[in-house]
Amino acid sequence: MLISRKIRIYPDDSQQAIINNTFDVCRFMWNKMLEYSIKSFDSGKLIIPNYGDIVSEYQFLSKDNKGYVFDRHSVNNVKQFLRLSFSKYFDTIRTKNIKYRKDGKPKGFPRFKSKKFSKNSYTNYHRENIRIDCQNHLIKLPCLGWVKYNLREKDFNDNWRLLHITISKSSTNKYYCSLCFEYENHQIGYNGLDFLINPKQTLNILGIDYSSSSLYVDSNGNKPGYPKYYRSNQKRLRMLQKKLSRQRKGSVNRNKTIQQIRILHEKISNQRYDFLHKLSTSITKMFDVICVEDIDMKNMSQCLHLGKSTMDNGFGIFRNMLKYKQNRIPFHLMITAEKWFPSSKTCSCCGNIKHDLSLKDRVYKCDHCGNIIDRDVNAAINLKQYAFIHINAIAQRFVDRSFSMN
């Protein structure tokens, strides 16, 4: 199993200079490799140049330049990431219709990275040079040495094997280090395996239906009451954006206002993540099986004038949190209903499907049995019943397999 820890690091001025130099060289190497790749791609054959070919053309990247220090191992990984980006692009055009961007390139084609708008990060796979001192809260990173870090979670386990690290910088000039670990868990019931030998006599199953106003509605009729952090800070954000529009570009005060806007956006994001983490943790501790529907949140945000509410809820992030937290607890399982499952149109009492149900109908009235119930609660109960059917199907396959083996 894989587990990651993201910690905030506090490098000094010289270490910050090395990190920023690595960001710049990685972006420069990506753009140069992509430039040569596009020329070969237009000629009919994709050829990605090597790291050494580009270094030999530019003197400031050579090892003789002692005044410009950066992490060369991380820069050398840029070719691997560019190759992966091209492979994802080729997989996309095989399955979907080709659409083109404004620059004439197909959608999904690798883009050039900008210093102003691109994310600042780099990844290092040389884990032999990394050490962690949990007692003094110090971490030894390649080319940087020992760096202080802040960790609010539990300490690192000795059985975890480090795979790679990623150093990033936020828009508010905060530095972070993400560590990816791998560990073996031989206990029965983890990661959704051997679920049928659960020692419990009864299973606590919960169906969750997405709700734009309150994040979700479960099969018990409960709503979490999402605080809507973006809308609550929208007045402050609007004031800062109006102030920004009146200031002269390139001035000191304008840069201060930009930083204030970034800090406010980071605050909203932290509030959202904190709420979703606490909520998902409490649900996974209470219920053994959770069933959610497979909704494309990006498409939903682009239609029906629900973009602000959909993006503020963070239901996609919440769904991912539930998935990996369920996998970490023994004898827990998360089930995702298929995309076209009619959870809202199906009556939870008799199973009749109401095809003429529209989004304006917030109360479900069954024409067959006369059941009257809230639309979202009805959908959540149907998702709970879908989980029952899915578990029974798994049990039947397990029984058939045991008979065939005998």
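A brief look at the structure comes next. Position labels on residues start from 1 in each chain and follow its written sequence. Reporting in this predicted model follows two pLDDT cut-offs: at least 70 for local features of residues, and 80 or more for side-chain atom pairs to be given and counted; totals over whole chains, interfaces and linings ignore these cut-offs and use all residues. To get the side-chain values, all heavy atoms of the structure are used, and hydrogens and water are removed first.

The subject of this paragraph is the overall build of the protein. Of regular secondary structure, the protein possesses eleven helices and 13 strands. Taken along the three principal axes of its C-alpha coordinates, the protein extends 80 × 65 × 55 Å. Buried means the residue's accessible area, taken with a 1.4 Å probe over protein chains only, is under 20% of the maximum for its type, while exposed means over 50%, and partly exposed covers the values in between. When each of the 406 residues of the protein is scored for burial, the buried share is 39%. Long-range contacts, defined here as pairs at least 24 residues apart, represent 66% of the contacts in the protein between residues at least 6 apart. Numbering of helices and strands runs from the N terminus; a helix is a DSSP stretch of H or I covering at least four residues, while a strand is a stretch of E covering at least two. Note on contacts: a residue pair is in contact if any heavy atoms of the two residues lie within 4.5 Å.

What follows concerns the packing of aromatic side chains. Stacked, edge-to-face and tilted labels apply to pairs of Phe, Tyr and Trp rings (six-membered ring for Trp) whose centres lie within 6.5 Å, assigned for plane angles under 30 degrees, over 60, and everything in between, in that order. By the definition in use, this model includes 21 aromatic pairs. Centroid distance Trp-160 to Phe-181: 5.4 Å. Interplanar angle 45°. Geometry classified as tilted. In this pair, Trp-160 is assigned in the loop between strand 5 (145–150) and strand 6 (161–169) and Phe-181 in strand 7 (residues 175–182), connecting sequence segments 21 residues apart. Of the residues examined, Trp-160 reaches a relative accessible area of 16% and is grouped as buried. One aromatic cluster is present, built from ring pairs that chain together Phe-28, Tyr-58, Phe-60, Tyr-68 and Phe-70. In our convention, an over-ring charge means Lys NZ or Arg CZ found within 6 Å of a ring centre and within 35 degrees of that ring's normal. Note that Lys-6 overlies the ring of Tyr-176, its terminal NZ or CZ placed 4.9 Å from the centroid. Between Lys-354 and the ring centre of Tyr-364, over which it is positioned, the NZ or CZ distance is 5.9 Å.

This part covers the sheet that holds strand 3 (residues 131–133). Think of it this way: DSSP has to see at least two bridges between two strands before they count as a pair. Strand order across the open sheet formed by seven strands is 2-6-7-1-5-4-3, with antiparallel pairing between neighbours. The open sheet has two free edges, formed respectively by strand 2 (120–124) and strand 3, since each of these has just one partner strand. Averaged over neighbouring strand pairs, the angle between their axes works out to 35° when direction is ignored. As paired strands, strand 2 and strand 6 are joined by five bridges and run antiparallel to one another. Paired with Ser-121 across the strands is Ser-168, a residue of strand 6. Angular values range over 0 to 180 degrees, each being the angle between N-to-C directions of two axes fitted as lines to C-alpha atoms, with helices fitted over their stretch in contact.

What follows concerns helix 10 (residues 315–328). To estimate how far a helix should extend, the number of its residues minus one is multiplied by 1.5 Å. Along its 14 residues, helix 10 runs 20 Å from first to last C-alpha, staying within 8% of the 20 Å computed at 1.5 Å per residue. Phe-315, Phe-318, Arg-319, Met-321, Leu-322, Lys-325 and Gln-326 are the residues of helix 10 that are buried. Taken around the axis of helix 10, the buried residues stretch over an arc of 160°, which confines them to a single face. Summarising the geometry, the arc corresponds to the directions from the helix axis toward the C-beta atoms.

One broad trend across soluble globular proteins is that nonpolar side chains are buried collectively. Judged by nonpolar contacts, the single largest core of 43 residues is most densely connected at Ile-9 and Ile-139. Per-element accounting of this core gives the leading share, ten residues, to helix 1 (residues 13–42). Here, nonpolar core means buried Ala, Val, Leu, Ile, Met, Phe, Trp, Tyr and Cys residues that are tied together by side-chain atoms lying within 4.5 Å of each other.

Relative to the helices and strands, Ser-213 is located in the loop between strand 8 (205–211) and strand 9 (215–218). The exposure class assigned to Ser-213 is partly exposed, which follows from its relative accessible area of 45%. Taking the C-alpha atoms as reference points, Ser-213 and His-126, separated by 87 residues in sequence, lie 46 Å from one another. Any pair of nitrogen or oxygen atoms within 3.5 Å is treated as a polar contact; in protein, a donor-acceptor pairing is required on top of that, and neighbouring residues in sequence qualify only through side-chain atoms on both sides. Side-chain polar atoms of Ser-213 contact the side chain of Ser-211, separated by 3.4 Å.

Turning our attention to unusual backbone geometry. The bulk of non-glycine residues show a negative phi, and the bulk of peptide bonds are trans. Even without being glycine, Lys-228 reaches a positive phi, approximately 60°. When you line up the elements, Lys-228 lands in the loop between strand 9 and helix 5 (229–232). One non-glycine residue, Phe-331, lies in positive phi territory at about 60°. The residue Phe-331 is located in the loop between helix 10 and strand 11 (333–337) in this model. A relative accessible area of 16% places Phe-331 in the buried class.

Where helix 6 (residues 234–246) contacts helix 7 (residues 252–286), the axes come no closer than 10 Å and their chain directions differ by 160°. With respect to each other, helix 6 and helix 7 are oriented roughly antiparallel. Pair helix 6 / helix 7 crosses with left-handed handedness. Contacts between helix 6 and helix 7 involve Arg-236, Leu-237, Leu-240, Gln-241, Lys-243 and Leu-244 from the first element and Arg-254, Thr-257, Ile-258, Gln-260, Ile-261, Leu-264 and His-265 from the second. Three residue categories are used. Nonpolar comprises Ala, Val, Leu, Ile, Met, Phe, Trp, Tyr, Cys and Pro, charged comprises Asp, Glu, Lys and Arg, and polar comprises the others, including Gly. Classifying every residue of the contact of helix 6 with helix 7 by side-chain character gives six nonpolar, four polar and three charged. For classification purposes, angles smaller than 35 degrees are called roughly parallel, those larger than 145 roughly antiparallel, those between 65 and 115 roughly perpendicular, and all remaining angles oblique. Two helices crossing with the near one rotated counterclockwise from the far one by less than a right angle form a left-handed crossing, whereas a clockwise rotation gives a right-handed crossing.

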